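Each chain, letter by letter, is given below.
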Amino acid sequence: DWSSDVCSSDLTTAVAEPVRSTLLPASDLTVGQAVAQLNRQNAMQIRLATRDIADMRLSGGFRGDDPEAFARTVAAVNGLAVVQVGQAIDLRPHT
């Protein structure tokens, strides 16, 4: 499961400044970069099932304190499934 790499890999450092407000600006970020930021700020962690999901591009803005809404939005726009497992949210392809 490479998804834990999203938090500890270069994706974590790809964004120079951590989000300090509740708005996460997602101007040309990847899903992996946004998830790394959200996971640093929230107890509810988002896990990505594939590197293809991590590499998807985002634009717009998301609340930094609402990982569930972020996951639902990314899933709806990209045709992904959201599965909550304990204190984690998995974003994965539909099966």
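Rules used in this analysis
- Residues numbered from 1 in each chain as written.
- Predicted model: local features only at pLDDT ≥ 70, side-chain atom pairs only at ≥ 80, totals over all residues.
- Heavy atoms only, no water.
- Helix = DSSP H or I, 4+ residues; strand = E, 2+ residues; numbered from the N terminus.
- Buried < 20%, exposed > 50% of the residue type's maximum accessible area, 1.4 Å probe, protein only.
- Contact = heavy atoms within 4.5 Å.
- Areas by Shrake-Rupley, 256 points an atom, 1.4 Å probe, with all protein chains shown as cover.
- Phe/Tyr/Trp six-rings, centres within 6.5 Å; stacked < 30°, edge-to-face > 60°.
- Pairing = 2+ DSSP bridges.
- Axes fitted to C-alpha atoms, helices over the stretch in contact; angles between N-to-C directions.
- Core = buried A, V, L, I, M, F, W, Y, C linked by side-chain atoms within 4.5 Å.
- Salt bridge = Lys/Arg side-chain N within 4 Å of Asp/Glu carboxyl O.

**Some remarks on the overall build of the protein**
- Helix and strand counts for the protein come out as five helices and seven strands.
- Within the protein, the fraction of its 95 residues that count as buried is 42%.
- Within the protein, residue pairs in contact and separated by at least 24 positions form 58% of the contacts whose partners lie at least 6 positions apart.
- Per element, the accessible surface of the protein, about 5,200 Å² overall, is 51% carbon and sulfur.

**Some thoughts on the packing of aromatic side chains**
- All told, the structure shown has one aromatic pair when counted by the stated rule.
- Here the aromatic rings of Phe62 and Phe70 are separated by 4.9 Å at their centres, their planes lie at 80°, and the arrangement is edge-to-face. Phe70 carries the same exposure label as Phe62, and that label is buried.

**Section: the sheet that holds strand β3 (residues 45-48)**
- Within the open sheet, the three strands sit side by side as β3-β7-β6. Their pairing is mixed. The open sheet has two edge strands with one neighbour each: β3 and β6 (80-85). If you compare each strand with its neighbour and ignore which way they point, the axes differ by 25° on average.

**What to know about the nonpolar core**
- The biggest cluster of nonpolar side chains holds 18 residues, and the ones touching the most others in it are Val31, Ile46, Leu48, Leu58, Phe70, Val74 and Leu91.
- When residues no more than four places from it in sequence are discounted, the contact partners of Val74 are Val31, Leu58, Leu80 and Leu91.

**Looking at the pattern of salt bridges**
- Taken as a whole and assessed by the stated rule, the structure comprises three salt bridges.
- Taking the shortest distance from any N to any O, the salt bridge between Arg63 and Asp65 comes out at 2.8 Å.
- Of the charged contacts, one joins Asp90 and Arg92 as a salt bridge, the two residues approaching to 2.7 Å between their closest N and O atoms.
- Take Asp90: its relative accessible area is 10%, and that puts it in the buried class.

**Notes on the pairing of β6**
- With six bridges connecting them, β6 and strand β7 (residues 88-93) associate as antiparallel partners. Following the sheet pairing, Leu80 is matched in β7 by Pro93.

**Thoughts on the environment of Asp65**
- By the element assignment, Asp65 lies in the loop between β5 (61-63) and α5 (67-78).
- Judged by relative accessible area, which is 37%, Asp65 ranks as partly exposed.
- When the C-alpha atoms of Asp65 and Gln41 are compared, they prove to be 7.2 Å apart, with 24 residues separating the residues in sequence.
- If near-sequence neighbours (up to four positions away) are discounted, Asp65 is found in contact with Thr22 and Asn42.

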